[in-house]
Amino acid sequence: MTDAKKQAALDYHSQPIPGKLSVELTKPTVSAKHLALAYSPGVAEPCREIARDPENAYLYTGKGNLVAVISDGSAILGLGDLGPLASKPVMEGKGVLFKKFAGINSVDIEVNAESPQAFIDTVARIADTWGGINLEDIKAPECFEIERALVEQCSIPVFHDDQHGTAIVTVAGMLNALDIAGKKVEDARVVCLGAGAAAVACMKLLVSCGARAEHIYMLDRKGVIHSGREDLNQYKAMFATETERRTLDDAIEGADVFVGLSGPNLLSPEQLKKMAANPVVFACSNPDPEIHPDVANAVRDDVIMATGRSDFPNQVNNVLGFPFIFRGALDVRATRINEEMKVAAVHALKDLAREPVPQEVLDAYELDKLEFGCGYIIPTPLDTRLLDRVSSAVAQAAVDSGVARKPYPSHYPLTSVEEVYG
Ligand SMILES: NC(=O)C1=CN([C@@H]2O[C@H](COP(=O)(O)OP(=O)(O)OC[C@H]3O[C@@H](n4cnc5c(N)ncnc54)[C@H](OP(=O)(O)O)[C@@H]3O)[C@@H](O)[C@H]2O)C=CC1
Ligand SMILES: CC(=O)C(=O)O
Ligand SMILES: [Mg+2]
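Residues numbered from 1 in each chain as written. Chains lettered and ligands numbered in written order. Predicted model: local features only at pLDDT ≥ 70, side-chain atom pairs only at ≥ 80, totals over all residues. Heavy atoms only, no water.

An unreviewed UniProt entry lists the protein under the name Malic enzyme-like NAD(P)-binding protein, from Litchfieldella rifensis. A UniProt comment under Sequence similarities (unreviewed entry) is attached to the protein, and it reads "Belongs to the malic enzymes family." (UniProt positions renumbered as here; feature names shortened; annotations may be inferred.)

**Looking at the packing of aromatic side chains**
Counting across every chain of the model gives 6 aromatic pairs. A centroid spacing of 5.5 Å and a plane angle of 75 degrees characterise the contact between F98 and F326, whose relative ring orientation is edge-to-face. Highlighted residues: F98 in helix α5 (residues 88–102) and F326 in helix α14 (residues 322–331), separated in sequence by 228 residues. By way of ring pairs, the aromatic residues F98, F159, F322 and F326 are connected into one cluster. Taking the ring centre of Y58 as reference, the NZ or CZ of R333 above it sits at 3.9 Å. (Phe/Tyr/Trp six-rings, centres within 6.5 Å; stacked < 30°, edge-to-face > 60°. Helix = DSSP H or I, 4+ residues; strand = E, 2+ residues; numbered from the N terminus. Lys NZ or Arg CZ within 6 Å of the ring centre and 35° of its normal.)

**Some details on the UniProt feature "domain: Malic enzyme NAD-binding" (unreviewed entry) in the protein**
When the UniProt feature table is mapped onto this chain, "domain: Malic enzyme NAD-binding" (unreviewed entry) is found at residues 163–399. Annotated as 41% helix and 10% strand, the span residues 163–399 places its first and last C-alpha atoms 23 Å apart.

**A few points about helix α7 (residues 142–153)**
With 12 residues, α7 should reach 16 Å at 1.5 Å per residue; the first-to-last C-alpha distance of 17 Å fits that figure. Of all the positions in α7, only C143, F144, I146, E147, A149 and L150 are classed as buried. Packed against the buried residues of α7 are α6 (116–126), β3 (132–135), β4 (158–160), α8 (161–181), α9 (197–208) and α10 (234–237). (Expected span 1.5 Å × (residues − 1). Buried < 20%, exposed > 50% of the residue type's maximum accessible area, 1.4 Å probe, protein only. Contact = heavy atoms within 4.5 Å.)

**Description of the pattern of salt bridges**
Scanning the entire structure with this criterion turns up 31 salt bridges. Here D220 makes a salt bridge to K236, at a shortest N to O gap of 2.9 Å. Of the two residues, D220 is situated in strand β6 (residues 216–220) and K236 in helix α10; the sequence distance between them amounts to 16 residues. Given a relative accessible area of 14%, D220 falls into the buried group. (Salt bridge = Lys/Arg side-chain N within 4 Å of Asp/Glu carboxyl O.)

**Structural notes on the site of ligand 1**
The environment of ligand 1 is made up of 26 residues, and the closest members are A195, A198, R221, K236 and S285. Between ligand 1 and the protein, one listed contact pairs an oxygen atom with a backbone N or O atom of G196 at 3.1 Å. Its free accessible area being 910 Å², ligand 1 has 85% of it covered by the protein chains. Residue assignment for the shell around ligand 1 shows that the elements contributing at least two residues are α8 and α9. Partitioned by chemical class, the residues of the shell around ligand 1 number 11 nonpolar, 10 polar and 5 charged. (Near = heavy atom within 4 Å. Polar contact = N/O pair within 3.5 Å; in protein donor to acceptor, adjacent residues only side chain to side chain. Areas by Shrake-Rupley, 256 points an atom, 1.4 Å probe, with all protein chains shown as cover. Nonpolar A, V, L, I, M, F, W, Y, C, P; charged D, E, K, R; others polar.)

**So, the site of ligand 2**
In the region of ligand 2, the neighbouring residues are L77, K94, E136, D137, D162, N286, N317 and N318. Here an oxygen atom of ligand 2 sits 3.0 Å away from a polar atom, N or O, in the side chain of E136. Between ligand 2 and the protein, one listed contact pairs an oxygen atom with a side-chain N or O atom of D162 at 2.9 Å. Starting from 220 Å² of accessible surface for ligand 2 in isolation, the protein chains cover 86%. Tallied by class, the residues present in the shell around ligand 2 amount to 1 nonpolar, 3 polar and 4 charged.

**Some details on the coordination of the magnesium ion (ligand 3)**
Every protein donor of the magnesium ion (ligand 3) is listed here as E136 (OE), D137 (OD) and D162 (OD), and their distances to the metal cover 2.0 to 2.1 Å. Binding-site remark: the magnesium ion (ligand 3) is held by donors from one chain whose sequence spacing is E-D-x24-D. Of this pair, E136 sits in the loop between β3 and α7 while D162 sits in helix α8, and the two are 26 residues apart along the sequence. Each member of the pair E136 and D162 is classed as buried. (Donors = N, O, S within 2.8 Å, 3.2 Å for Na, K, Ca; no water.)

**A look at helix α15 (residues 339–352)**
With 14 residues, α15 ought to run about 20 Å at 1.5 Å a step, and its terminal C-alpha atoms sit 20 Å apart, in line with that. Turning to α15, its buried residues number three or more, namely M341, K342, A344, A345, V346, A348, L349, K350 and L352. In the core, the buried residues of α15 are packed alongside α8, α9, α14 and α17 (385–400). You can read the cap of α15 off the contacts: a side-chain oxygen lies 3.2 Å from the backbone nitrogen of E340, and it is on N338.

**Structural notes on the sheet that holds strand β1 (residues 66–71)**
In space, the 4 strands of this open sheet follow the order β2-β1-β3-β4, with parallel pairing throughout. Each edge of the open sheet carries a strand with a single partner, namely β2 (105–110) and β4. On average, each strand axis in the sheet is tilted by 20 degrees relative to the strand beside it, whichever way the strands run. Across 6 bridges, β1 lies against β2 in parallel orientation. Note that in β2 the partner of A68 across the bridge is V107. (Pairing = 2+ DSSP bridges. Axes fitted to C-alpha atoms, helices over the stretch in contact; angles between N-to-C directions.)

So, in C-alpha cells, the structure goes:
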C-alpha cells in the first residue's frame, strides 16, 4: 500500500471515534419506569425465567443473535503471531461484517492463553452466553484440536472461520473458475502453498467436492509434503503424496490450479509461466497475496486470478461465508455447523455468481458491467442477495441433516438485515 493509503486506513480506524463497533440499545430508557423494567427490580423476572429454563435466554436476552469472535492472535491474517491485542482490529472487523451483512451482533474477545488447553478452557467457560462462536486467526496445528474440543464441549455452533469459511468460499470460486477454464475438478492438478488452518480445510473440502487427493501437491515452508517426510503432523500427513517433486518450482510445472494460503509474494512470475493453459490462481494471503494480480496478468493473459482483497476483482475471502452461515445456523438454532451445511453454502455461492448482477452491485464497484466469466467467478460481498441465498441454504441443510432445534424460519426469505428478527 502507498503511504497515503496506509494513513487513510489508520484514520478510518481512529476517526471520528476509536474503533469500528459500538453497542446500541433496543429498549426505551428515558423514564424511571423504564429503568425499573430494564434494571432493578424488573430485570429479576427474566433472570428467574432463565434459571427455570435456560432456553428462555433466547427469549429474554440477545443470546440468539449474538456471536463471539474469539482469537488468540496467533495467525493474524498473513501477518503471523502478533499476539491477542494486535488482532483486535481484525476481530472488530469481523464484527462489522457480521452486523452489516447479516444483522448479527458480535463481541470480539482476544484471549491471552499460555496453551491450547488454556484457550479451550477459557472459551468453554463462557460459551453458554452466546448464540455461536466464531474462532478466528488461530494458527495450525493448534486450531484443529481447539475447534474439535470446543465443538464437543459446546451445544452452540463453534466454527473456525479460517478453516471452514475460507474453504466454502474457495471451493465455490474454484468450481466456477474451473468451469470457465474448461476443466473438470476431478482432472485438475492443484498446487496448494500453505499447509495450515485455511489450506488443510480448503483442500479437504475441495476433495469432498470432486478433486482427487492424488492430484494435489501441498507445500509448507519446507517444500512439497510427500510420503518420505518424517516431520509431518497428522493434518499435513493427510496430503502426503508419492512424488519426486520437492519444491514449488517442481510442483507448479503443468499445474492447473494454484491456491495460496501462506504469505506474500511467494509465487514468482517464472513459476506462473510454468502452469498449464488457462491457469486458476487464487492468491488468498492477506493483506498481500502470493502474487500481485498486476504481475500475474502481465505474465499470463489466460490466467483466472483471485485474491482475498476488496480492491481487485474476484475476492475469494471468507467474508462471503461466515455472516450468512451463522445467520442460517442461528435462525434454526443449529447445535453445530456440519458438512451438509458447508456444502449447501458452497453451492449457493457458486450458483449466485451465474445470475445477472444487480445495479446496486455495479454502482458499489463503480462498474458498467459484471458478468460470469474470468473477472467474475464469485459474488461480491456487497451483493445483498447473499443474505437470502446462503442463509436459507444453510438453514435448510441444518433442518434436513437433523442439527436444527427449530423449523425452517417462517420469516424467510430475507431481503434485508432489517428483517432478521422476523
Ligand atoms: N482469503 C481468505 O479468506 C483467507 C486467507 N487466509 C490467508 O491464508 C494464510 C494462512 O492463514 P492460516 O491458514 O490461518 O495460517 P496458519 O498459520 O494456520 O498457516 C500458515 C501456513 O502457511 C505456510 N507458510 C508460511 N510461509 C510460507 C512460505 N514462505 N512457504 C511455504 N509455506 C509457508 C506455513 O507453513 P509451515 O506449516 O511450514 O509453518 C503454514 O502451513 C494467511 O496469509 C491468511 O491471510 C486465511 C484465511 C482466509
Ligand atoms: C480473511 C481472513 O480471515 C484471513 O486472512 O485470515
Ligand atoms: Mg482470518
